[in-house]
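Each chain, letter by letter, is given below.
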Amino acid sequence: MATRKGAQPPAPHGADSHDVIRVHGARENNLKDVSIQIPKRRLTVFTGVSGSGKSSLVFNTIAAESQRLINETYSTFVQGFMPTLARPEVDVLEGLTTVITVDQQRMGADPRSTVGTATDANAMLRILFSRLGKPHIGPPSAYSFNTASVRASGGITVERGAAKTKTVKATFQRTGGMCTRCEGRGSVTDIDLTQLYDDSKSLSEGAFTIPGWKSDSQWTVQLYAQSGFVDPDKPIRKYTKKELQAFLYGEPTKIKVNGINLTYEGLIPKIQKSFLSKDKESMQPHIRAFVERAVTFTTCPECDGTRLSEGARSSKIKRISIADACTMEIRDLAEWVRGLKEPSVAPLLEALQRTLDSFVEIGLGYLSLDRPAGTLSGGEAQRVKMIRHLGSSLTDVTYVFDEPTIGLHPHDIQRMNDLLLRLRDKGNTVLVVEHKPEAIAIADHVVDLGPGAGTGGGTVCFEGTVEGLRAGDTITGRHLDDRASLKETVRTANGALEIRGATANNLRNVDVDIPLGALVVITGVAGSGKSSLVHGSIPAGETVVSVDQTPIRGSRRSNPATYTGLLDPIRKAFAKENGVKPALFSANSEGACPTCNGAGVIYTDLAMMAGVATPCEDCEGKRFQAEVLEYRLGGRDISEVLAMSVTEAEEFFGEGEAKTPAAHKILERLSDVGLGYLTLGQPLTTLSGGERQRLKLATHMGDKGGVYILDEPTTGLHLADVEQLLGLLDRLVDSGKSVIVIEHHQAVMAHADWIIDLGPGAGHDGGKVVFEGTPAKLVAGRSTLTGEHLAAYVGG
């Protein structure tokens, strides 16, 4: 609107003055009274070394407080069904808006959860088929593999008036799409009986091949031999049908063995209870190997892995069933939906089209809707969560991203940057925790935390523009323009791991030789078939150690010391020094403080309000009984040792009266993977995804395997730490190991001895080896997308 000549411009409106998020005195985790102002409706990137406090500030302070305040707007009844959140340790938080968090948490590995069910795509497809499918088989539930068909009839009592009751016959029916054989899982499990016993032998000859069951004196073996259901001296293959049924599937029955009352049950249910119901990760290696051999997963023969009933598969639109639609690559499905012209469902087709196009736009067009959600990488899961936000009409929202470039090839990072800028340009505040220089470069505002990690971090080292960061004297600023150079000489292979005719997922009959005794990098755009080649085609065995991105399971009681096995030599050293039992030095066993049961804190549940965790008054949060803390090693008690950082503990157990070689060896490995700042007793629940993966790597470094497979080990690593990782990989190879790395980071590619590049695209456009050779040849040829980006990176 034009302003009249001579008229004064309108005074600024008070509502327009709230243009920053103000944080004052943040002390969450390792933050040291952090005070900053974050501009709204801008893209702010938070940088700093791993463990410097980025997530503590962005997720545990800003996002957590916004979520808590939103939850408080609901009635106390509704709050009772919500997760309870405590107020973060911060003095003032002003200018907050609604926060939407898009983190790297991998989606649950529930076999019923797929890409389609995790988004709205499956729900919309089910409605579409219930309207247009021929023949018509029922409502949307008839196309759902999570809904079973139910039919019931009987008498129900109807009350009418004061004392009039009437019994009427009623029938209830619901049509579901679940396959009855696999119950909607797509695969059926079976136990390989040849792994349980040798059927040419009798029980008295030691037929069992189950770990721990080979001794004749073992109680379980005696139970079967003296049960009376089978002849212990007859070879198992000569059992009658009745004997075999009782031996394998017998119902629980009370019997007497050597005068002692015991319960007999068939071998299959016994194995399921004693082995298969336990967490595989917590099993001893030989037990885990037995379970992996004995249990087989096969595609359901009735539904052919589609999870759907015959009725759901028979209903089609233009010769395509819902099972066919879900197995298509999403970009192909989007084209098929675009070809459907039906005015009666136009709004539904429009919404479905928008959702499917969002998948393609975000670089996930190679996925299919029936892909199990648990098989997605952290980066893929994060981008799937972004789908619902891309077309959102909401503005003035704060979006929080945790390393959105994880799992992305350099070619795909530009596309992710465009999406982040689009969210910002709609009037939203975008906060990004990031390490990649390409993602930092697009920031309007940068907050650099540090200077170090853990207790050495937690302060703001820099605030301002990217140019200011580059000129500043911070670790991030100094390393922002780091470029690894190609190695002058590469190692010569001492053998090869042969892969022939690999067809897992999208691989197209791939033949490739992976050199041994060298650092090999497998690369290619997201979805090109890297993981399929490495995890799906390299035979797992005792010589192969795989460190993938699956999350570490652990409670608040688990910590780096318990996970790595470090606590065992420490407990033994304390016990030997003081002449007592090692169990006294475990906060989960005899040494635990009886008041808090070794947790160190007392939890008070306040129903729909945030629960309160207060340090235990008896042990003062140390988790151990007072008498246990009297025992010392090298002048320190067990709680003081667990409070040490890895670096301190490495020195403590390396020399002097506390010298413990077994503990020192594990601490060296933790230090090698860049976790020197972690404290030994820090709960695993407080570690980031990258820290957990490196903790897993440190644990496996002691394994005897000759081939190490690492899945994106640079995840969560600061630019300054990548150099340390490259040194670690070199040491592994120089010690005689073969290292295969799935990686997108150009510094790791440049440092490789051999590169295998998959592509040229994703999904059915990928699955081929487009280059194999040295990094220098890849740069010189520039024949692939990877070659072009690597050449630009090294300045070639």
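Our structure is the block above this text.
Calculation rules
- Residues numbered from 1 in each chain as written.
- Predicted model: local features only at pLDDT ≥ 70, side-chain atom pairs only at ≥ 80, totals over all residues.
- Heavy atoms only, no water.
- Helix = DSSP H or I, 4+ residues; strand = E, 2+ residues; numbered from the N terminus.
- Expected span 1.5 Å × (residues − 1).
- Buried < 20%, exposed > 50% of the residue type's maximum accessible area, 1.4 Å probe, protein only.
- Contact = heavy atoms within 4.5 Å.
- Phe/Tyr/Trp six-rings, centres within 6.5 Å; stacked < 30°, edge-to-face > 60°.
- Salt bridge = Lys/Arg side-chain N within 4 Å of Asp/Glu carboxyl O.
- Pairing = 2+ DSSP bridges.
- Axes fitted to C-alpha atoms, helices over the stretch in contact; angles between N-to-C directions.

With that settled, the discussion passes to helix α4 (residues 121–132). The end-to-end C-alpha distance of α4 is 16 Å, a good match for the 16 Å that 12 residues give at a rise of 1.5 Å each. Where burial is concerned, most of α4 is hidden: nine out of the 12 residues are buried. Those residues of α4 that sit buried are Ala121, Asn122, Met124, Leu125, Arg126, Leu128, Phe129, Ser130 and Leu132. In the core, the buried residues of α4 are packed alongside α3 (115–118), β12 (316–317), β13 (320–321), α10 (322–327), α11 (330–338) and α12 (346–361).

Attention shifts here to the packing of aromatic side chains. One pass over the structure, following the stated rule, counts 10 aromatic pairs. Ring plane angle 20° and centroid distance 6.3 Å describe the contact between Phe129 and Trp336, whose orientation is recorded as stacked. Here Trp336 lies in helix α11 and Phe129 lies in helix α4, a separation of 207 residues in the sequence. Exposure class is identical for Phe129 and Trp336. Each is buried. Taking 5.7 Å as the distance between ring centres and 90° as the angle between the ring planes, the aromatic pair formed by Tyr239 and Phe247 counts as edge-to-face. Taken together, the ring pairs in this structure connect Tyr197, Phe208, Tyr239 and Phe247 into an aromatic cluster.

Right, let's talk about unusual backbone geometry for a bit. Negative phi characterises most residues that are not glycine, and trans characterises most peptide bonds. Cis geometry is adopted by the peptide bond preceding Pro135, which originates at Lys134 and carries an omega value of -5°. Positionally, Pro135 belongs in the loop between α4 and β6 (150–160). Residue Pro451 is reached from Gly450 by a cis peptide bond, and omega for that bond is 0°. Relative to the assigned elements, Pro451 resides in the loop between β16 (445–450) and β17 (459–464). The backbone of Arg41 shows a phi angle near 55°, a positive value even though the residue is not glycine. Here Arg41 is to be found in the loop between β2 (34–39) and β3 (43–47).

The final tally for this structure, using the stated rule, is 30 salt bridges. With its nearest N and O atoms 3.1 Å apart, the salt bridge here joins Arg22 to Glu94. With a gap of 72 residues between them, Arg22 in strand β1 (residues 20–26) and Glu94 in strand β4 (residues 92–94) connect regions that are remote in the sequence. Look at Arg22 and you get partly exposed, because its relative accessible area is 28%. Judged by relative accessible area, which is 40%, Glu94 ranks as partly exposed. Salt-bridge contacts for Arg331 lead to Glu329; the nearest nitrogen and oxygen are separated by 2.9 Å. What you see here is one network of salt bridges that share partners, running through Lys487, Arg491, Asp730, Asp734 and Asp753.

Attention shifts here to the sheet that holds β16. In space, the six strands of this open sheet follow the order β5-β14-β15-β3-β16-β17, with mixed pairing throughout. In this open sheet, the two edge strands, each paired with only one partner strand, are β5 (99–102) and β17. Averaged over neighbouring strand pairs, the angle between their axes works out to 15° when direction is ignored. In this sheet, β16 lies alongside β3 in parallel orientation, the contact comprising four bridges. Paired with Val45 across the bridge in β16 is Val446. On top of the sheet, helix α1 (residues 54–71) reaches β3, β5, β14 (398–402), β15 (429–433) and β16; it is set at about 135° to β5, its chief contact. The strands that helix α14 (residues 410–425) touches are β3, β14 and β15; relative to β15, the one it contacts most, it runs at about 150°.

This is a description of form; function is not addressed.
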